[in-house]
Amino acid sequence: MERDEESSGLMMEMCTNGGGEETSNRRPIISGEPLDIEAYASLYKGRTKIMRLLFIASHCGGNQTMQLEALRMAYDEIKKGENTQLFRDVVNRINGRLGDKYKMDSAWCESVDRRAEQKKGRLENELSSYRTNLIKESIRMGHNDFGDFYYACGLLSDAFKNYVRTRDYCTTAKHIIHMCMNAILVSIEMGQFTHVSSYVNKAEQNPETLDPIVAAKLRCASGLAHLELKKYKLAARKFLDVSPELGNSYNEVIAPQDVATYGGLCALASFDRSELKAKVIDNINFRDFLELVPEVRELINDFYSSRYASCLEYLGSLRANLLLDIHLHDHVDTLYDQIRKKALIQYTLPFVSVDLSRMADAFKTSVSGLEKELEALITDNQIQARIDSHNKILYARHADQRNATFQKVLQMGNEFDRDVRSMMLRANLLKHEYHARAGRNH
Amino acid sequence: MNSAESLIKSIQGLSASPGDLSALHGILKKAEDSLRNNWDVQLATLEELDPSIHSLGYLYLLEGLTRGSVSKGKTSGVVLLMARFINRCDAGQIRLASEKFVTLCKRFKDRVLELEDPLRGVAPLVSAVRKVQVSAKCLTALHPDCLQLCLEAKCYKAGFSILSDDILEVDQPRDFYLYCYYGGMICIGLKRFQKASELLYNVVTAPMYQLNAIALEAYKKYILVNLIHSGQFSNSLPKCASTAAQRHLKSWCIPYYEVGNRYNDGKISELEAVVVAHSSDFEKDNNLGLVKQAVASLYKRNILRLTQKYLTLSLQDIANMVQLANAKEAETHVLQMIQDGQIHALINQKDGMVRFLEEPEQYKTSEMIEVMDSVIQRTIGLSKNLIAMDESLSCDPLYLGKVGRERQKFDFGDDFDTVPEKFSM
């Protein structure tokens, strides 16, 4: 139900042109404007919502209002759950700044802990009784319940262990997938992305065809894993393959806006031009995701049509908000750097000579700064050109293959000469050594 | 007396043909002991013999003469005598008693060094080397001595003429190490860093079971020469170096490793700081001059890198990028490099601009074809040598014995035996 409302709301956004009262809370959430925390948080549910809010609170720099807003929402969310550790944490960070309503509620903590103890005892009893009865299904459910319980309390490694233990009691493919999904969820929360990859593989090896939503979820998870391991090309491919049926069904991990952003940026940083066109711009499925983050869509189109100034402008404006994203935070700088380098290379590719001052205007930088960047790219052999520093022009330079071949051949001849002679000398020395030894022995 | 006279007669009589010579050789060997003590007699008898015809006899007598210790005054005379003999003797006869000849020459070298006049010994020893050498591929025991004298006398060109042989056969490892080490030093003196690098490389990678001092010193110089010549430094030894070398050389060469690492970073100021910090170590090893050359070469290396990236560059920019003091110094460096042929460029003094040109070599001239042809011929020759060596080794009984012993007894995997059955245990 909720899903339908949201998607229809978004369609309304596309039809109306201006911002009206009813569409004001449907503005694109990841945009150049300062982050609307409430709207952002509403994209997620469960533990990831809390973790993202806490991340924003710790990384929003000096912005007090944003920090307090995030902490307040985190407090409310935690109170709905059973995680007393996080509660204590949040209270410490709020430090009384939000007034009486948001201070330490030890009564609540104690009651939650007591309930948790009771529940734990009950679950243990149940599990031991199931074990004695040796009913596979009940043991599996028992371990699952334990896993859910630990997850809610925030004891992630115990939750993981219990989920994994259900593997021995899984009888149908559905059980296995259920286990994999739980394991993936906990691994993402723990930040152990190697486990994520392995469980995604396990789920995908399932002989039955997967439910498309489950398949999309698995691809998102695998994309996240690749992103964390800095394999941007693979991450981009995975994200671009996510079918739009995902909708909001995986928002205990990731929102569709994130799929669009991560996929778009990784693709831009790692794909070459033809792949970019085929897999991103012409990709009908992904277009639905890109509609959710129009700025990312615009910047990809700008890059492809060589409007570098506006592309870099969008990137700049998105930067602040992207740094607040829990998964993308560590990679923003690398991705931006790669995108900028690609832009520079793509700019110089079609020309025989390029006027550096015009290029500097296009990239919003000074001529000397541009010279330095180009110098780095030339050294890395990503641009074949030489700089005329006197007239500030970049000249394309195509290496003379014929001369280079001759040079290499001569060099190789010399090296062979040296190596073979040294080798024969060494062989002779060894032979002498050996003969000397043999001589002594006889 | 009588024995001396009869000896002289036999020498004079039997020095004509090879058959006679072998008979003479036998007589001389028997007479060796009796000759030992009679100094004055021997000097007189020597007068009667002609070094170029009676070389073998002369050799024996001279060797006996010089065996004992000689007083200072007579040393010069003896040295003169020896020099004359070495210059004039007949190579064929000498080779019959090459060990004696070698001992004689070594003694000659020692005396010359005592007299502190190494220049006198250079020419004789060079000719001695040529005479003892059976073929151009063999290393003799005299090579290192000759090179040592050339180094002492600073006669690099003479030493270099010996180095241009392609040595392939080696008898004594120690001779070989010394040969390569001294040879490397001579090439450094002549600023032929390519060949120096090759020679020192041979020492460093020579098979050895224990580290020896020659290899250590050679390795230190090798690092520095490589920096000057190609700007490359790697933290690890080449793979073909012996395990003993790989394990132990590093710990003795730490200051040099630091120089190499700073060189790779490319910053002049840090490199100079390291050099100053370790200058006492370098002085102790007599390598300070080389180190300074390496530092100078870093400037050149940095300027060379600039030619890859720029078409034109102002002298001031070059000075800034390479961390030189001012544009004037940059100009001097660039000028020097153009004259040495390391870069191709034009300096425009009016604008203070340097324009880098492409390498003019088009590989289209007939000289270039000749160069390529000679390289090809050389390579073919080397391949033939390699194959011949392989074949001779596979027929060598010692080698076959070793392989036979180490072959596993119940190895049913191979369809055929690489080594015949009779060589098994």
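Here, the structure is the one placed above.
Note that the structure is predicted; figures quoted are calculated from it, not measured. (Residues numbered from 1 in each chain as written. Chains lettered and ligands numbered in written order. Predicted model: local features only at pLDDT ≥ 70, side-chain atom pairs only at ≥ 80, totals over all residues. Heavy atoms only, no water.)

Peer 1: Give a detailed account of the overall build of chain A, specifying residues and quantitative values.
Peer 2: Helix and strand counts for chain A come out as 21 helices and 3 strands. Excluding contacts between residues fewer than 6 apart, the proportion of contacts in chain A whose partners are at least 24 apart in sequence is 59%. Carbon and sulfur atoms make up 51% of the accessible area of chain A, which amounts to about 22,300 Å² in all. (Helix = DSSP H or I, 4+ residues; strand = E, 2+ residues; numbered from the N terminus. Contact = heavy atoms within 4.5 Å. Areas by Shrake-Rupley, 256 points an atom, 1.4 Å probe, with all protein chains shown as cover.)

Peer 1: With reference to specific residues and values, describe the nonpolar core.
Peer 2: Phe85(B), Phe101(B) and Ile318(B) are the most contacted members of the largest nonpolar core, which totals 217 residues. Per-element accounting of this core gives the leading share, 11 residues, to helix H13 (residues 213–230) of chain B. Two domains each donate at least three residues to this core, and these are domain 1 (211–342) and domain 2 (351–396) of chain A. Residues in contact with Ile318(B), not counting those within four places in the same chain, are Ile303(B), Leu306(B), Leu313(B), Ala330(B), Val334(B), Val354(B) and Phe356(B). (Core = buried A, V, L, I, M, F, W, Y, C linked by side-chain atoms within 4.5 Å. Buried < 20%, exposed > 50% of the residue type's maximum accessible area, 1.4 Å probe, protein only. Domains from an automatic or database assignment.)

Peer 1: Provide a residue-level description of the interface of chain A and chain B, including the pertinent values.
Peer 2: Contact with chain A, which involves 40 residues of that partner, is made by 52 residues of chain B. Carbon and sulfur atoms make up 59% of the surface buried where chain A meets chain B, a total of about 4,400 Å² over both sides. Taken as a group, Arg386(A), Met424(A) and Leu429(A) account for 15% of the area that chain A buries against chain B, more than any other trio of residues on that side. On the surface where chain A and chain B come into contact, there are 5 salt bridges. For the side of chain A that touches chain B, the elements supplying multiple residues, two or more each, are helix H20 (367–379), strand S2 (385–388) and helix H21 (401–441) of chain A. If one sorts the elements of the side of chain A that touches chain B by residue count, H21(A) sits on top with 28 residues. Where S2(A) and strand S1 (residues 310–314) of chain B come together, 2 bridges link them in parallel fashion. Residue pairing for S1(B): Asp388(A) is matched across the bridge by Thr312(B). (Buried area = accessible area lost by both parts, 1.4 Å probe. Salt bridge = Lys/Arg side-chain N within 4 Å of Asp/Glu carboxyl O. Pairing = 2+ DSSP bridges.)

Peer 1: Provide a residue-level description of the packing of aromatic side chains, including the pertinent values.
Peer 2: Residues and elements named next belong to chain A. With the rule as written, the count across this model stands at 22 aromatic pairs over all chains. Ring geometry for Phe303 and Tyr308: centres 6.0 Å apart, planes at 85°, overall edge-to-face. For Tyr308, a relative accessible area of 4% translates into the label buried. An aromatic cluster is built from Phe303, Tyr308, Tyr347, Phe351 and Phe363, whose rings are joined through pairwise contacts. In this structure, Arg52 packs its charged tip against the face of Tyr44, placed 4.0 Å from the ring centre. (Phe/Tyr/Trp six-rings, centres within 6.5 Å; stacked < 30°, edge-to-face > 60°. Lys NZ or Arg CZ within 6 Å of the ring centre and 35° of its normal.)

Peer 1: Give me the lowdown on the sheet that holds strand S2 (residues 345–348) of chain B, citing residues and values where you can.
Peer 2: Across the sheet, 6 strands lie side by side as S1(A)-S3(A)-S2(A)-S1(B)-S3(B)-S2(B); this open sheet has mixed pairing. Looking at the sheet topology across the chains shown, the edges are occupied by strand S1 (353–355) of chain A together with S2 of chain B. Within the sheet, the average angular offset between the axes of one strand and its neighbour, ignoring direction, is 20°. By the bridge criterion, 4 bridges tie S2(B) to strand S3 (residues 353–356) of chain B in an arrangement that is antiparallel. Counterpart to Ile347(B) in the pairing with S3(B) is Val354(B). (Axes fitted to C-alpha atoms, helices over the stretch in contact; angles between N-to-C directions.)

Peer 1: If you had to explain the environment of Val275(B) to someone new, which residues and values would you point to?
Peer 2: Residue and element names in this part refer to chain B. Relative to the helices and strands, Val275 resides in helix H16 (residues 268–277). In sequence terms Val275 and Lys292 are 17 residues apart; their C-alpha atoms lie 8.2 Å from each other. Val275 has contacts with Phe282, Val291 and Val295, leaving out every residue within four places of it along the chain.

Peer 1: Quick rundown of the environment of Glu82(A)? Include the residues and the values.
Peer 2: Relative to the elements of secondary structure, Glu82(A) occurs in the loop between helix H4 (64–79) and helix H5 (84–94). In sequence terms Glu82(A) and Arg115(A) are 33 residues apart; their C-alpha atoms lie 9.2 Å from each other.

Peer 1: Which residues make up helix H19 (residues 315–322) of chain B, and what values do they have?
Peer 2: Residues and elements named next belong to chain B. Along H19, the residues classified as buried are Leu315, Ile318, Ala319 and Val322. Viewed end-on, H19 has its buried residues packed into an arc of 100°, placing them on one side of the element. Elements in contact with the buried residues of H19: H16, helix H18 (288–309), S1, helix H20 (327–340), S2 and S3. Positive backbone phi, approximately 65°, marks Gln323, located one or two places after H19. (Arc of directions from axis to C-beta.)

Peer 1: Provide a residue-level description of the pattern of salt bridges, including the pertinent values.
Peer 2: Inspection of the entire model under this criterion finds 37 salt bridges over all chains. Residue Glu373(A) pairs with Arg340(A) through a salt bridge whose shortest N-O separation is 2.8 Å. Of this pair, Glu373(A) sits in helix H20 while Arg340(A) sits in helix H18 (residues 332–348), and the two are 33 residues apart along the sequence. With relative accessibility at 25%, the residue Glu373(A) sits in the partly exposed group. One salt bridge in this structure joins Lys220(B) and Asp285(B), with 3.2 Å as the shortest N-O distance. In this pair, Lys220(B) sits in helix H13 while Asp285(B) sits in the loop between helix H17 (279–284) and H18, placing the two residues 65 residues apart along the sequence. When sorted by exposure, Lys220(B) lands in the same class as Asp285(B), which is buried. Through salt bridges with shared partners, a single ionic network connects Lys233(A), Arg237(A), Glu275(A) and Lys279(A).

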